[in-house]
Amino acid sequence: MFHLLVIALCLFGYLLICEERKRRALKKMFPTLKSLLILPFIGSAISLHTRNGRDFFKKLQSYFKIYGDTFYGILENQVYVLMSHQADFTPILTSKKLLADRQAEYRFFKPWLGDSIFVASSDAWNRKRKEFYSFFNTKTIKDSIPVLEHHMDNLVKAIRKNVDTGVAFDVYHIMEAFAIDTVCEITLGLRNNSHEKSVNIQHCIEENVKIIMWRATHPLFRNDLLYSLTSKYRRSEELTKECRAFIQEIIEKTKKKAFESMSLKDAKSFCDYLCCINARHMPISDEEMRDEILGTVFAGHDTMTSALSFLTYCLGKYPDVQEKVYQEIKKNINPNESLTIQAINKLHYTHLVMREVLRMYPSAPVVLRVTPEDIEINGILYPAGTSFAVNIYKAHHNPRNFEDPEKFMPERHEDVKSVETNNVFNFLAFSPGIRPCKGNRIAEFQMKIFMIKLLNEYKIEIKDGFEPDIAYDVVLKPYNGIWITLTARQ
């Protein structure tokens with residue numbers, strides 16, 4: 001027994017020495033970078049462990065203040081480099097050869113989203129982008145305008161009971177309901193009397209996201225085996241099964257229509273489009289269709305809820321901006337006519353406001369990549385296998401990227417396309433580079449239509465003393481909601 005104890009202690013000591021050598025090697029490799037606390041065996045996991053998304057957001061932002069624009073840590077023997085300066089992250093977002101692959105953190109989504117484009121490797125992403133996501137073209141955007149207008153009209157009606165009461169209400173959860181209805185119509189073709197079905201998907205998404213965030217920030221349950229022993233794992237499996245069964249039912253119905261009479265030009269939803277490809281051009285398995293649809297619903301719903309909520313907050317917080325947007329809408333939009341792309345595109349200042357909201361509160365606050373080969377960035381050689389986390393929120397609030405970043409200033413985006421005045425890779429809301437957001441134009445039009453519909457009817461004010469308590473639950477969210485009052489316009 002004594003000999004076994006001695007052997008165990010010697011082995012433990014040897015492993016400690018190996019861990020210390022690894023830590024020193026990293027320090028030598030990255031001499032100009034600071035690091036998170038790195039402990040033997042668990043690396044920096046303890047530094048990122050938090051109780052909820054709000055605490056995780058605060059902790060992550062505090063580390064950038066402590067360690068600078070670029071620093072590193074270790075999770076599960078994987079080196080992570082966190083960045084917030086444009087000169088560092090531009091090569092990561094633009095390199096096709098080295099940095100096309102997603103990395104370890106996205107594995108937490110795979111049991112739920114399968115091999116959808118959201119988590120796909122570079123080769124799969126390129127194939128899916130060409131074969132499937134050409135659906136999000138100019139025709140689809142044009143066809144989606146009446147859909148977006150319909151749901152925004154319903155949203156305006158839904159909050160009418162709160163007008164002129166003087167009582168503040170939380171608009172965030174109202175946004176959630178209408179965002180999921182909109183996304184489900186564009187993605188699945190759901191519309192009439194389908195709100196209850198959309199809400200069921202919404203609840204599955206919300207609960208699964210919370211489980212993923214809990215797991216990703218927990219030092220123990222990042223391990224697949226330990227996680228599989230938890231009640232949260234079993235609950236996530238139940239939610240995933242429920243979501244997939246519902247989507248599969250819609251796929252079966254749509255496939256039948258596609259084989260009988262539907263063509264690509266008739267496709268009104270993403271599900272229609274995939275089923276038409278399967279029927280007319282190339283076989284797509286039900287599993288692949290289901291994964292793409294579920295990934296699109298997840299990405300579209302959560303990000304749009306976030307964007308509309310923070311847009312409402314900013315319009316209420318900056319009444320002079322709100323008034324200027326309203327006057328532009330009043331000048332260019334006839335409230336008695338249906339909206340068109342041409343009419344919406346006349347709203348120049350409204351477009352700038354939308355971009356500034358997304359700069360201040362980017363819906364997707366972090367982009368993750370991994371390099372399969374050694375790469376040198378600004379004099380630092382990063383070895384193959386290094387993971388990079390571009391903190392979009394911090395990048396958008398970094399004075400090295402934007403002048404006076406805490407000031408809400410829509411005019412700063414006037415020259416956004418001029419590299420000389422404002423590098424295009426400073427603005428990361430739609431993940432520029434080789435893996436951009438495929439639904440970005442639909443998202444932009446939805447935000448603009450939301451402003452048109454809401455400001456034509458109401459004046460927004462923020463509850464006295466209210467400030468959003470920001471949380472990171474995969475997307476950026478107001479932990480305490482968005483509390484506003486509405487006054488009817490005469």
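Just so it is clear, the model here is predicted, and its values are computed rather than measured.

A separate point is unusual backbone geometry. Even without glycine at this site, E76 takes up a positive phi of about 50 degrees. Its place among the elements puts E76 in the loop between β2 (70–75) and β3 (78–83). The phi torsion at D404 lies on the positive side, around 50 degrees, for a residue other than glycine. Looking at the element boundaries, D404 is found in the loop between α17 (392–396) and α18 (440–457).

Relative to the helices and strands, F64 is located in helix α3 (residues 53–67). Using a relative accessible area of 4% as the deciding quantity, one classes F64 as buried. When the C-alpha positions of F64 and N391 are compared, they lie 9.5 Å apart, and in sequence the two are 327 residues distant. Those residues within four positions of F64 in sequence are excluded, and the remaining contacts are D69, F71, L82, M83, S84, N391 and K394.

So, about the sheet that holds strand β9 (residues 458–462). Strand pairing in a sheet is mediated by backbone hydrogen bonds. Such pairs are either parallel or antiparallel. With antiparallel pairing, the three strands of this open sheet are ordered in space as β4-β12-β9. Each having just a single partner strand, β4 (169–170) and β9 make up the two edges of the open sheet. Pairing of β9 with strand β12 (residues 483–488), which is carried by five bridges, proceeds in the antiparallel orientation. For K459, the partnering residue across the bridge sits in β12 and is T487. Packing of α18 onto the sheet brings it into contact with β9 and β12, and relative to β9 it is tilted by some 95 degrees.

Scoring rules and cut-offs
Residues numbered from 1 in each chain as written. Predicted model: local features only at pLDDT ≥ 70, side-chain atom pairs only at ≥ 80, totals over all residues. Heavy atoms only, no water. Helix = DSSP H or I, 4+ residues; strand = E, 2+ residues; numbered from the N terminus. Buried < 20%, exposed > 50% of the residue type's maximum accessible area, 1.4 Å probe, protein only. Contact = heavy atoms within 4.5 Å. Pairing = 2+ DSSP bridges. Axes fitted to C-alpha atoms, helices over the stretch in contact; angles between N-to-C directions.

Honestly, it's all geometry; don't read function into it.
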